[in-house]
Amino acid sequence: MLNRRHLVTTVALATSALMLPALGQAQSTTRIVVPFGAGGPIDQTARVLAEAVKGSLGTVIVENRPGAGGNIGVSAVAKAAPDGLTIGIATTASHGINPWLFSKLPYDPVKDFAPVTQMLSVPNVLVMNAETAQRLNIHTLADLIRYAKANPAKLNYGSGGNGSAGHLAGEMFKNQAGVFAVHIPYNGGNPAQLGLLSGQVDFNFDNLATASANIRAGKLKALAVTTAQRTATMPDVPTVAETLPGFSIDTWWGLVVPAATPADTVRKLNAAFTQALQSPDVKARFAMLMAEPAPSSPEQFGQFMNAERTKYERVVKLSGAKVD
């Protein structure tokens, strides 16, 4: 029989053994760093995925690190330990536009990250103030182009700021359509949308997730989506490319890890997240945000981001936008 002293020691050892897995789980919590504040589309989709992968990855939390147009959060991921426990969100801005917009970035979009998977694509949409469109008798994209050519510099368009996706889409449109419209930069996407709704500006290029409610309410008129194909969420809205062949620009984001993360760890993360992105529940929740899941292999996502950087190099130079 065990004496009292042996019994206490045995219980203590058993208790310690039971505590070890719990401590290990706490130490291996995975975090997704969102480089923007809580509540926006990127944050919402990150939280959907964090919940969806808990069965395969365990506890996954979302950490918001906003500031400097996303550069603070992205830079934090670049500097994190390459152990697969810190995952970042790469966006159109951070990995496509900012390399050409900023003279100096706190991270290298190519060398500092390993791609995991693209998460989704959100179509952008060319929208007009509905009352303005009615007053000017503009019902289609072709009508807008005709009016702009007949009335140079009379139209203006708003964006979330110089070098923003909306600004660059507007410059691409002006270049391909051969028209001139005055760019009005606002301090963020929400003020730009308010400017459009109040009639301060005539049209915007906005992401469909943000604009859809006002389109359905009849406050904004959707003339065209900017993706290569029509979107399933608004199939009656034509593409810009149907009028201006080759035009294609959208908003995307995906998952990246620090560059030195082992390849087998990247493959494990890719398997977990691509499976989640293909699940009916995630597809349904993304659809509410007008977002289409776009799971990919790490290699495919890397090639995609390279192509986006090449595209935006030309567009940013065309716009003349510089932040510093």
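Since the model is a prediction, treat every value here as computed from it, not as a measurement.

Helix and strand counts for the chain stand at 13 helices and 10 strands. Taken over the C-alpha atoms alone, the chain extends approximately 100 × 40 × 30 Å along its principal axes. By residue count, 49% of the 324 residues in the chain fall in the buried class. For the chain, the proportion of contacts with a sequence separation of at least 24, taken over those separated by at least 6, is 76%. For the chain, the exposed surface amounts to about 15100 Å²; the carbon and sulfur share of it is 56%. One finds the centroid of the 27 positive side-chain charges in the chain at a distance of 3 Å from the centroid of its 21 negative side-chain charges.

This paragraph deals with the environment of Ala209. Looking at where Ala209 falls in the secondary structure, it is placed in helix H10 (residues 208-216). C-alpha of Ala209 to C-alpha of His183: the two residues are 26 residues apart in sequence and 22 Å apart in space. When near neighbours in sequence (up to four residues on either side) are disregarded, Ala209 contacts Val122, Leu289 and Met290.

Taken over all residues, the pLDDT of the chain has a mean of 90, while the share at 70 or more is 91%. In this model residues 7-26 is a low-confidence stretch, pLDDT under 50, and it forms 2 contacts with partners more than four residues away in sequence or in other chains.

Another aspect to go through is the pairing of strand S3 (residues 86-91). Within S3, 6 of the 6 residues are buried, which leaves it mostly tucked inside the rest of the structure. Residues Thr86, Gly88 and Ala90 of S3 are buried on one face, and the alternating residues Ile87, Ile89 and Thr91, pointing to the opposite face, are buried as well. Pairing between strand S1 (residues 30-34) and S3: 3 bridges, direction parallel. Note that in S3 the partner of Val33 across the bridge is Gly88. Pairing of S3 with strand S9 (residues 250-258), which is carried by 4 bridges, proceeds in the antiparallel orientation.

Overall, the coordinates contain 10 salt bridges when judged by the stated rule. Close ionic contact of Arg65 with Glu63 constitutes a salt bridge, the shortest N to O distance being 3.3 Å. On the basis of relative accessibility, which here comes to 23%, the residue Glu63 falls in the partly exposed class. The partner of Glu171 in a salt bridge is Lys174, and the shortest N-O contact between them spans 3.1 Å. Of this pair, Glu171 and Lys174 both sit in helix H8 (residues 165-177), 3 residues apart, which is roughly one turn of the helix. Through salt bridges that share partners, Arg31, Glu63 and Arg65 make up one connected network.

Here we come to the nonpolar core. Counting residues in each nonpolar core, the largest one holds 45 residues, and the members touching the most others are Leu126, Leu141, Leu144, Phe173, Phe203 and Phe247. Discounting residues that sit within four places of it in the chain, Phe247 has contacts with Ala169, Met172, Phe173, Gln176, Phe205, Thr226, Val240 and Ala241.

So, on to the packing of helix H2 (residues 41-52) against helix H12 (residues 280-287). Interhelical geometry of H2 versus H12 gives an angle of 170° and a closest axis separation of 11 Å. On the basis of the axis angle, H2 is roughly antiparallel to H12. Each of Thr45, Val48, Leu49 and Ala52 in H2 lies in contact with H12, whose residues at this interface are Val282, Arg285 and Phe286. Considered class by class, the residues forming the contact of H2 with H12 number 5 nonpolar, 1 polar and 1 charged.

Cut-offs applied
Residues numbered from 1 in each chain as written. Predicted model: local features only at pLDDT ≥ 70, side-chain atom pairs only at ≥ 80, totals over all residues. Heavy atoms only, no water. Helix = DSSP H or I, 4+ residues; strand = E, 2+ residues; numbered from the N terminus. Buried < 20%, exposed > 50% of the residue type's maximum accessible area, 1.4 Å probe, protein only. Contact = heavy atoms within 4.5 Å. Areas by Shrake-Rupley, 256 points an atom, 1.4 Å probe, with all protein chains shown as cover. Lys, Arg positive; Asp, Glu negative; His and termini not counted. Charge placed at Lys NZ, Arg CZ, Asp CG, Glu CD. pLDDT = per-residue confidence, 0-100. Pairing = 2+ DSSP bridges. Salt bridge = Lys/Arg side-chain N within 4 Å of Asp/Glu carboxyl O. Core = buried A, V, L, I, M, F, W, Y, C linked by side-chain atoms within 4.5 Å. Axes fitted to C-alpha atoms, helices over the stretch in contact; angles between N-to-C directions. Parallel < 35°, antiparallel > 145°, perpendicular 65-115°, else oblique. Nonpolar A, V, L, I, M, F, W, Y, C, P; charged D, E, K, R; others polar.

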